[in-house]
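Now for the letters of each chain:
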Amino acid sequence: MPRPTVHSKPFGAHGPTDVDIWTLDSGTGVRAEILTYGGILHRLTVPDTAGSPASVVRSLPALDDYTGKNPFFGALVGRYANRIAHGRFTLDGVEHRIPATDRGHALHGGPGGFHTRVWQAEGTATDEAAVLRLTLHSPDGDMGFPGALDVTVTYTLDAAGTLALDYAATTDRATVVNLTNHAYFDLTDRGDILGHTLQVDAGHYLPVDEEGIPEGPAAPVAATPFDLTEPRTLADRIALPHEQLRRAGGFDHCWVLDGAHAPAAPRRAARLTAPDGGRVMEVWTTEPGIQVYTANQLDGTLAAFDGGHHERHSAVCLETQHLPDSPNRPDQPATVLRPGEHFRSRTEYRFPHLADRTA
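Rules of the game
Residues numbered from 1 in each chain as written. Predicted model: local features only at pLDDT ≥ 70, side-chain atom pairs only at ≥ 80, totals over all residues. Heavy atoms only, no water. Salt bridge = Lys/Arg side-chain N within 4 Å of Asp/Glu carboxyl O. Buried < 20%, exposed > 50% of the residue type's maximum accessible area, 1.4 Å probe, protein only. Pairing = 2+ DSSP bridges. Helix = DSSP H or I, 4+ residues; strand = E, 2+ residues; numbered from the N terminus. Axes fitted to C-alpha atoms, helices over the stretch in contact; angles between N-to-C directions. Contact = heavy atoms within 4.5 Å. 1 Å grid on protein atoms, 1.4 Å probe; cavity = no way out; pocket = protein on both sides within 12 Å on 5 of 7 lines; lining within 4 Å. Points joined across faces, edges and corners; volume = space filled by probe spheres on them. Nonpolar A, V, L, I, M, F, W, Y, C, P; charged D, E, K, R; others polar.

**Q** Where do I start with the pattern of salt bridges in this structure?
**A** Where charged atoms from two side chains of opposite charge approach closely, those side chains can pair. According to the stated counting rule, one finds 21 salt bridges in the structure shown. A salt bridge links Glu95 to Arg97; its shortest N-O distance comes to 3.2 Å. Judged by relative accessible area, Arg97 falls into the exposed class, the value being 52%. Its salt-bridge partner being Arg329, residue Asp325 comes within 2.8 Å of it at the nearest N-O pair. Overall, the relative accessible area of 2% leaves Asp325 in the buried class. Relative accessible area serves as the criterion here: at 16%, Arg329 is assigned to the buried category. Several salt bridges share partner residues, and in doing so they unite Glu210, Glu215, Glu243, Arg246 and Arg247 into one network.

**Q** Mind showing me how you'd approach the sheet that holds strand S3 (residues 31-35) here?
**A** For sheets, the rule is that strands pair by backbone hydrogen bonds, running either parallel or antiparallel. One open sheet accounts for 5 strands, arranged S1-S2-S3-S4-S5; its pairing is antiparallel. The sheet terminates laterally at strand S1 (5-14) and strand S5 (53-55), the two strands that pair on one side only. Adjacent strand axes in the sheet meet at a mean angle of 15° when their direction is disregarded.

**Q** When you look at the environment of Ala202 in this model, what are you seeing that I'm missing?
**A** In this fold, Ala202 is placed in the loop between strand S18 (197-200) and strand S19 (204-205). Note: C-alpha distance between Ala202 and Leu228 (26 residues apart in sequence) is 7.6 Å. If we skip the residues at most four places from it in the chain, Ala202 touches Val221, Thr229, Trp255, Val256, Leu257 and Asp258.

**Q** Hey, could you run me through the layout of surface pockets in this one?
**A** A probe as big as a water molecule, rolled over the atoms, marks out the empty space that is left. Volume-wise, the largest pocket comes out at about 1,000 Å³. Taken together, 42 residues form the lining of the largest pocket, with Asn70, Pro71, Phe72, Asp102 and Leu107 sitting closest to its centre. Counting residues per element, the ones that place at least two in the lining of the largest pocket are helix H1 (63-67), helix H3 (243-248) and strand S25 (289-293). The residue makeup of the lining of the largest pocket, split by class, is 15 nonpolar, 17 polar and 10 charged. Approximately 260 Å³ is the volume found for the second largest pocket. Every residue lining the second largest pocket is counted, 17 residues in all, and those nearest its centre are Ala262, Glu287, His322, Phe343 and Arg344. Elements with a minimum of two residues in the lining of the second largest pocket: strand S27 (336-337) and strand S28 (343-350). At 3 residues, S28 tops the list of elements feeding residues into the lining of the second largest pocket. The class makeup of the residues in the lining of the second largest pocket is 8 nonpolar, 6 polar and 3 charged.

In structure tokens form, the structure reads like this:
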């Protein structure tokens, strides 16, 4: 059996800094392509049950498209994924302000967040997996956040075809941290997510106001369009009459996952299935929440990697994370990181249909 491999080549330059694209190959048909700019998951090629390969993440054509205005395509997001209300929070009696970029609120770490940085990269391969280790230093005061933060995100693609992301961080001063990946998934590579079925292992979700900020504590999903405890077709769910769907234009909400807030090992968070069942992806995580976003704001202005454009509802984001606005909500799982502590998180993208592949 071919062993996993890893290699890199130039992808362009961001100002004076070169950007590389790293390819992790499982040796068994799954291949991940990752940019040092933004730590972006540019392509994730997965065979279907008949052995036909296609990328299950939506992509932009070139580096200039990623460095230009776009909604976080495939990027590593930090220091704080999701929203912080009004771009401010108080930590140890000191108020900190983050640039407000989304309807008066801070989103995904601010305009110069981790999705805009060129990460340092080191690739290795063993008989079991191809590994890319990305590191970034975020100085004290970066985007308004306190403390110097050192971050490592490790992409690991194993021979079974599972892609894992391990996040780690340390700080020299108390700060808040919430990291995720913002891949746009489409298991058919056709630019239409509505026929996919989605299951989310959560009995509660966070209703939001008109500006995307949680209105209060988590609410039960029972008897709402947010009940995805059984597989549901996305088109059917987001077409239902519900004020929360109207406000967001579809799903753009955080589900609070069942089980422990910080389990020692990942537990399943979601299962996405292509309309024909040819590809299935499961998301497993140690995080307490998952933001489901049905690409409600895509409008066809962004070109796609292999032709066409990114239209509304052409993909779904499944962003494992702590809960939105947690620095202002003591009732939610804490996102504070202090000197001497180690932030760790793991998310896995598994493809169970590969075990049944006939080709």
